[in-house]
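One letter stands for each residue in the lines below.
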Amino acid sequence: MIPRKYLVLCAAICCCAVAARAQGTFQNLGFESATLVPISGNSSSPVQFGPAFPGWTGSVGGVQLSGALYNEVYLDSSGISVVDQGWANPLAGPSGTIEGNYTAILQAGWALGTFTPADTSLSQMGLVPAAARSLLFRADVYANPGAFVVTLGGQALSLFPLGGGTNYTLYGADIHALAGQTAELDFTLIAQRPHMDNYVVFLDSIQFSGIAIPEPGVLGLSALGAILLGWRFWHKRG
């Protein structure tokens, strides 16, 4: 049974997450606003990047992307895909999305059509809510440690795993120092050099929260249970 003080924490998470969402100018953090506009004359199922990822900018090797794959992944190249619930995952793990109708996939390998390793980034500029203390997101990472980097305002975030499900881990990061500031949020997958494996990250359900992420030694099982319960409750309401 979860102690009463952690149930209070749980309720606070729900309220602060909703408030943070309302105040922020970041958009489409769950990738649910996708409009799939095919790029004509191409047989590899690409769609226009802007409508597929409104609010976001994608880049490979520092070059901005104009297209993304839809319900497809690259064999050994860098790029970004959007997949829906009908997608059959050829890489690993369960099929479909992490949550909702769409999930983003980042891949880092060779720059398309070359043998040059190229990093892949998904970025958005916005106002960090004034009440925000942490960033939460769900991801499934197939990469060596350190290859998946999340930055806010140019500062690399320390990611703490808070729990998970069948096809994702819930990560949290302390971002209180940037609350109320306009900053760029970047999810970057660094390609292996020299290239041997294609790295992959499934990404979804990004949220700002008003609850601070405890230090690993402080984050007991009861507190973790309260955070996870609050997360699930908020998503049911959403």
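Basis of the calculations
Residues numbered from 1 in each chain as written. Predicted model: local features only at pLDDT ≥ 70, side-chain atom pairs only at ≥ 80, totals over all residues. Heavy atoms only, no water. Helix = DSSP H or I, 4+ residues; strand = E, 2+ residues; numbered from the N terminus. Buried < 20%, exposed > 50% of the residue type's maximum accessible area, 1.4 Å probe, protein only. Areas by Shrake-Rupley, 256 points an atom, 1.4 Å probe, with all protein chains shown as cover. Salt bridge = Lys/Arg side-chain N within 4 Å of Asp/Glu carboxyl O. Pairing = 2+ DSSP bridges. Core = buried A, V, L, I, M, F, W, Y, C linked by side-chain atoms within 4.5 Å. Contact = heavy atoms within 4.5 Å. pLDDT = per-residue confidence, 0-100.

1. With respect to the overall build of the protein
Here is step 1 of the chain: Of regular secondary structure, the protein possesses three helices and 14 strands.
Here is step 2 of the chain: A buried classification covers 47% of the 238 residues belonging to the protein.
Here is step 3 of the chain: Surface exposure of the protein reaches about 11100 Å², of which carbon and sulfur atoms provide 56%.

2. Observations regarding the pattern of salt bridges
A pair can form between side chains of opposite charge whenever their charged atoms are brought close.
Here is step 1 of the chain: Applying the stated criterion to the full structure yields two salt bridges.
Here is step 2 of the chain: Here Asp119 and Arg193 are joined by a salt bridge, their closest N and O atoms 2.9 Å apart. With Asp119 in the loop between β6 (102–108) and β7 (120–127) and Arg193 in the loop between β13 (182–189) and β14 (199–209), this pair connects stretches of sequence that are 74 residues apart.
Here is step 3 of the chain: On the accessibility criterion, Arg193 (49% relative accessible area) is partly exposed.

3. Details of the sheet that holds strand β9 (residues 148–152)
Here is step 1 of the chain: Pairing within the open sheet is antiparallel, and its six strands lie in the order β3-β2-β7-β13-β9-β10. The open sheet has two edge strands, β3 (63–64) and β10 (155–156), and neither has a second partner.
Here is step 2 of the chain: Sheet topology places β7 next to β13; eight bridges connect them, and they run antiparallel. Following the sheet pairing, Leu127 is matched in β13 by Thr182.

4. Brief notes about the pairing of β6
Here is step 1 of the chain: The buried fraction of β6 amounts to seven of the seven residues, a majority that puts the element mostly inside the structure.
Here is step 2 of the chain: Of the two faces of β6, the one holding Tyr102, Ala104, Leu106 and Ala108 and the one holding Thr103, Ile105 and Gln107 are both buried throughout.
Here is step 3 of the chain: In this structure, strand β5 (residues 79–84) lies alongside β6, joined through six bridges in antiparallel fashion. Of the residues in β6, the one forming a bridge with Asp84 is Tyr102.

5. Focus: the nonpolar core
Here is step 1 of the chain: Counting 41 residues, the largest nonpolar core has Phe53, Phe137, Phe187 and Ile206 as the members making the most contacts within it.
Here is step 2 of the chain: For this core, the secondary structure elements donating two or more residues are α2 (49–52), β5, β6, β8 (134–142), β9, β12 (168–174), β13 and β14.
Here is step 3 of the chain: Element by element, the count of residues in this core is highest for β14, at five residues.
Here is step 4 of the chain: If we ignore the near neighbours within four places in the chain, the residues touching Phe137 are Phe148, Val150, Leu159, Thr169, Leu170, Tyr171, Phe187, Leu203, Asp204, Ser205 and Ile206.

6. Here's the deal with the confidence of the model for the protein
Here is step 1 of the chain: Predicted confidence across the protein gives a mean pLDDT of 84, with 76% of residues reaching 70 or more.
Here is step 2 of the chain: Across residues 1–24, where pLDDT falls below 50, the model places 40 contacts with residues more than four positions away in sequence or in other chains.
Here is step 3 of the chain: Here residues 219–223 is modelled with pLDDT under 50, and outside its nearest four sequence neighbours on either side it reaches seven contacts, counting other chains as well.

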